[in-house]
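Spelled out from the first residue to the last, the chains are:
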Amino acid sequence: MSECTHDCSTCGESCAERDPKSFLKPVNQYSTVKKVIAVVSGKGGVGKSMVTSLMALSMNRSGYKTAILDADVTGPSIPQMFGIHQKAEGTEQGILPAITKGGIELMSVNLLLKNEDDPVVWRGPIIAGTVEQFWTDVIWNDVDYMFVDMPPGTGDVPLTVFQSLPVDGILVVASPQELVGMIVGKAVKMAGLMNIPVLGIVENMAYFACPDCGKKHYIFGNSNVDAIAKKYDIANTAQIPLDPSLSALSDRGAIEDCQGEWLASLAEMIGKL
Ligand code: ADP
């Protein structure tokens, strides 16, 4: 290792002194993004994209200018949930995000593929580079809150996002089964390594509410979310029920018609950041 100049921006060495934020990439010069919240999960299929969409929806309804950066490049589901099927357009200044019916700005690899169902068969660094470009090359127009739908796990792309984007906080999404395992702990510890606060845990598919009497049935066992939050010193939790109307709305591209208020307290907390 050469002698330390204490200027991480001109050095590629990995050392104890390196500030993870020294890898930060500048946002497009025509963009303004005030706060960036990453939505993470330990594995796929637990409802991370659902929570990203519902959080964005909640903030948008509260009057904040909201955006979603879909960093789940190999499994993008956000455009479908919002009924967005057009291609992204570009200008000399950068790429323009799609705008949902309710006014949420959105960028996803699906807006760049020739056919939506083309698979993304790219190596890790190319995928990570694409996500970085969603930050540096997209013109985000005056955004108060950007939610980043992260790929599941703690691999290459989450690492790139945490190092390249100025992430202000993380929301962890877990199913009831994951809350009894170590998966949440891994996500929380990764956030700790990056010096990014975990703002809350969302337990998705936490219970089923009987459509006739409203009684909550904890079909995967009693909820563990508060105990886990306490264990990792996380102040906020929320629960979303297993609700067939949610998957129906997202399959129809009409998630913006969802009236559920499950994430209202998280949205209020994030609005005070
Ligand atoms: P992930 O982003 O973690 O891979 P998704 O958000 O894409 O997961 O959700 C996976 C599937 O489960 C989707 O079909 C979605 O519509 C459905 N789903 C997610 N959350 C719920 C819920 N609370 N109730 C019913 N279906 C849900």
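The structure we're discussing is the one just above.
Report follows, based on the coordinates. (Residues numbered from 1 in each chain as written. Predicted model: local features only at pLDDT ≥ 70, side-chain atom pairs only at ≥ 80, totals over all residues. Heavy atoms only, no water.)

Some remarks on the side chain of Ser-108
Consideration 1: Along the chain, Ser-108 turns up in the loop between strand S6 (105–107) and helix H3 (124–136).
Consideration 2: Apart from residues no more than four positions distant in its own chain, Ser-108 is found in contact with Asp-70, Pro-76, Pro-79 and Phe-134. (Helix = DSSP H or I, 4+ residues; strand = E, 2+ residues; numbered from the N terminus. Contact = heavy atoms within 4.5 Å.)

Points about unusual backbone geometry
Consideration 1: Even without glycine at this site, Asp-142 takes up a positive phi of about 55°.
Consideration 2: The topology assignment puts Asp-142 in the loop between H3 and strand S7 (143–149).
Consideration 3: Among the residues examined, Asp-142 registers a relative accessible area of 35% and is labelled partly exposed.
Consideration 4: In this model, Asp-233 sits at a positive phi of 60°, which is unusual for a non-glycine residue.
Consideration 5: Considering the arrangement of structural elements, one finds Asp-233 in the loop between helix H6 (225–231) and strand S12 (236–240). (Buried < 20%, exposed > 50% of the residue type's maximum accessible area, 1.4 Å probe, protein only.)

Remarks on the site of the ligand
Consideration 1: In the vicinity of the ligand there are 17 residues, among which Gly-45, Lys-48, Ser-49, Met-50 and Pro-241 approach most closely.
Consideration 2: At 2.9 Å, a backbone N or O of Met-50 approaches an oxygen atom of the ligand.
Consideration 3: Each residue belonging to the shell around the ligand can be placed in one class, and the counts come to seven nonpolar, eight polar and two charged. (Near = heavy atom within 4 Å. Polar contact = N/O pair within 3.5 Å; in protein donor to acceptor, adjacent residues only side chain to side chain. Nonpolar A, V, L, I, M, F, W, Y, C, P; charged D, E, K, R; others polar.)

Remarks on the packing of helix H1 (residues 48–61) against helix H8 (residues 264–271)
Consideration 1: Contact geometry of H1 with H8 gives a least axis separation of 9 Å together with a crossing angle of 65°. H8 is crossed by H1, and the crossing has right-handed handedness. Residue-level inspection shows Met-55, Ser-58 and Met-59 of H1 in contact with H8, the latter providing Ala-264, Leu-266, Ala-267, Ile-270 and Gly-271.
Consideration 2: Of the residues belonging to the contact of H1 with H8, the class tally is six nonpolar, two polar and no charged. (Axes fitted to C-alpha atoms, helices over the stretch in contact; angles between N-to-C directions. Left-handed = near helix turned anticlockwise from the far one by under 90°.)

Considering the sheet that holds S7
Consideration 1: Strand order across the open sheet formed by eight strands is S5-S6-S2-S7-S1-S8-S9-S12, with mixed pairing between neighbours. Only two strands of the sheet have a single partner each, and these edge strands are strand S5 (98–99) and S12.
Consideration 2: Contacts from H3 reach strand S1 (33–41), strand S2 (66–70), S6 and S7, with the element oriented near 160° to S2. (Pairing = 2+ DSSP bridges.)

Overview of the pattern of salt bridges
Consideration 1: Here the structure, examined in full by the defined rule, presents six salt bridges.
Consideration 2: For Lys-272, the salt bridge is made with Glu-268, and the minimal N-O distance between the two is 3.6 Å.
Consideration 3: In this structure, a network of salt bridges that share partners links the residues Lys-48, Asp-72 and Asp-149. (Salt bridge = Lys/Arg side-chain N within 4 Å of Asp/Glu carboxyl O.)

Considerations on the nonpolar core
Consideration 1: If you look at the biggest cluster of nonpolar residues, it comprises 82 residues, and the most contacted ones within it are Phe-162 and Ile-270.
Consideration 2: Excluding residues that lie within four positions of it along the chain, Phe-162 makes contacts with Ala-38, Val-40, Met-150, Val-167, Ile-170, Met-190, Met-194 and Ile-196. (Core = buried A, V, L, I, M, F, W, Y, C linked by side-chain atoms within 4.5 Å.)

Description of a nonpolar patch on the surface
Consideration 1: A surface patch of nonpolar side chains, about 250 Å² in accessible area, is lined by Ile-219, Phe-220 and Leu-242.
Consideration 2: Relative to the helices and strands, Phe-220 is located in the loop between strand S11 (216–217) and H6. (Patch = residues over 30% accessible without salt bridge, like charges linked within 9 Å, V, L, I, M, F, W, Y side chains within 5 Å. Areas by Shrake-Rupley, 256 points an atom, 1.4 Å probe, with all protein chains shown as cover.)

Comments concerning the pairing of S7
Successive residues of a regular strand alternate their side chains across the two faces of the sheet.
Consideration 1: Burial analysis of S7 places seven of its seven residues in the buried class, which makes it a mostly covered element.
Consideration 2: Examined bridge by bridge, S1 and S7 share six bridges and lie parallel to one another. Residue pairing in the sheet places Val-36 in a bridge with Met-146 of S7.
Consideration 3: Both S2 and S7 contribute to a ladder of five bridges, which runs parallel.

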